[in-house]
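Breakdown of the fold
One letter stands for each residue in the lines below.
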Amino acid sequence: MQTASTNICERMGRSQELSEFQRGTVIGCHLCNKSIHEISLLLNIPQSPVSGIITKWKQLETTATQPRSGNPHKMTEQGQRMLKHTVCRSRQLSAESIAKDLQTLCGLQISTPTVHRELHKMGFHGQAAASKPYITKFNAKHRMQWRKARHHW
């Protein structure tokens, strides 16, 4: 039989972040004088995140996630809508021409690789058009004769 505290945490994956409730539960267990190992077993969370949460709480007196380093995204939600609208309007445009269009229309300074990456996220994947042979009048006439000759196959 499982206790209520083991149900709050499923097995944590590598890239998952603990919820505010889970971090609060870790601090609550720490305040009840439980060891990191005991908290880890009780909540089914690896020991390193438990240790990190307790350390952060001791230093900053908060368990909230802090801002991370890195550049903010260039594409806002409005920019993504404009990009989707531009692509849906004419699907033949290249990523380079779309980037230029967005620059003139909404003033977004965005590079061609950024446009390409955002389009992939939206599900637009560039593919070369299938080559179709040009059918001349001579070929069309011969195809029709072939079809008529083999009509009763």
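Every chain begins its residue count from 1, and numbering advances along the sequence as written. Since the coordinates come from a predicted model, pLDDT governs what is reported: local features require at least 70, and pairs of side-chain atoms require 80 or more to be given and counted, while whole-chain, interface and lining totals use all residues. Side-chain figures throughout are based on the complete set of non-hydrogen atoms in the structure, without hydrogens or water.

Side note on the environment of Gly 123
- Elements are defined by DSSP. Helices are runs of H or I of four residues or more, strands are runs of E of two residues or more, and each kind is numbered from the N terminus. Tracing the backbone shows Gly 123 in the loop between helix 7 (112-122) and helix 8 (137-149).
- Along the primary structure Gly 123 and Arg 147 are separated by 24 residues, whereas in three dimensions their C-alpha atoms are 41 Å apart.

Examining helix 2 (residues 20-31)
- Residue count minus one, scaled by 1.5 Å, sets the expected span of a helix. An ideal rise of 1.5 Å per residue puts 16 Å on 12 residues; helix 2 measures up with 16 Å between its terminal C-alpha atoms.
- Three or more residues of helix 2 are buried, namely Gln 22, Arg 23, Thr 25, Val 26, Ile 27 and Cys 29.
- At the exit of helix 2 stands Asn 33, carrying a positive phi of roughly 65°. Burial classification: accessible surface area is computed with a 1.4 Å probe over protein chains only, and a residue below 20% of its type maximum counts as buried, one above 50% as exposed, and the rest as partly exposed.

Considerations on the nonpolar core
- Formed by Met 75, Leu 83, Val 87, Ala 95, Ile 98, Ala 99, Leu 102, Leu 108, Ile 110, Val 115, Leu 119 and Phe 124, the largest nonpolar core amounts to 12 residues.
- Of all elements in the fold, only helix 5 (77-89), helix 6 (95-106) and helix 7 reach the threshold of two or more residues within this core.
- Here the element with the most residues in this core is helix 6; it accounts for four residues.
- Among residues more than four places away in sequence, those in contact with Leu 119 are Leu 83, Val 87, Ile 98 and Phe 124.
- In these notes, a set of buried Ala, Val, Leu, Ile, Met, Phe, Trp, Tyr and Cys residues joined through side-chain atoms within 4.5 Å is what counts as a nonpolar core. Ranked by size, the runner-up nonpolar core spans 10 residues in total, among them Leu 18, Leu 43, Ile 45 and Ile 54. The contact criterion used throughout is that any non-hydrogen atoms of two residues lie within 4.5 Å.

Here we look at the pattern of salt bridges
- We count a salt bridge whenever a side-chain nitrogen from Lys or Arg sits within 4 Å of a carboxyl oxygen from Asp or Glu. All chains considered together, the criterion is met by five salt bridges.
- Note that Glu 17 and Arg 68 form a salt bridge whose closest N and O atoms lie 2.5 Å from each other. Of this pair, Glu 17 sits in the loop between helix 1 (4-7) and helix 2 while Arg 68 sits in the loop between helix 4 (47-60) and helix 5; the two residues are 51 residues apart in sequence, bridging distant segments of the chain.
- We classify Glu 17 as partly exposed; its relative accessible area is 46%.
- Put simply, Glu 77 and Arg 81 hold a salt bridge, and the shortest N to O gap is 3.8 Å. Of the two residues, Glu 77 and Arg 81 are both situated in helix 5; the distance of four residues between them amounts to about one turn of the helix.

Remarks on the UniProt feature "domain: Transposase Tc1-like" (unreviewed entry) in the protein chain
- UniProt positions are given in the numbering used here, feature names are shortened, and annotations may be inferred rather than shown by experiment. This chain's UniProt record puts "domain: Transposase Tc1-like" (unreviewed entry) on residues 80-148.
- Between the first and last C-alpha atoms of residues 80-148 the distance is 54 Å; the span itself is 65% helix and 0% strand.

Points about the environment of Leu 108
- Turning to its location among the elements, Leu 108 is positioned in the loop between helix 6 and helix 7.
- Overall, Leu 108 belongs to the buried group, its relative accessible area being 17%.
- For the pair Leu 108 and His 73, spaced 35 residues apart in sequence, the C-alpha to C-alpha distance is 12 Å.
- The contact partners of Leu 108, leaving out residues within four places of it in the chain, are Lys 74, Met 75, Gly 79, Leu 102 and Gln 103.

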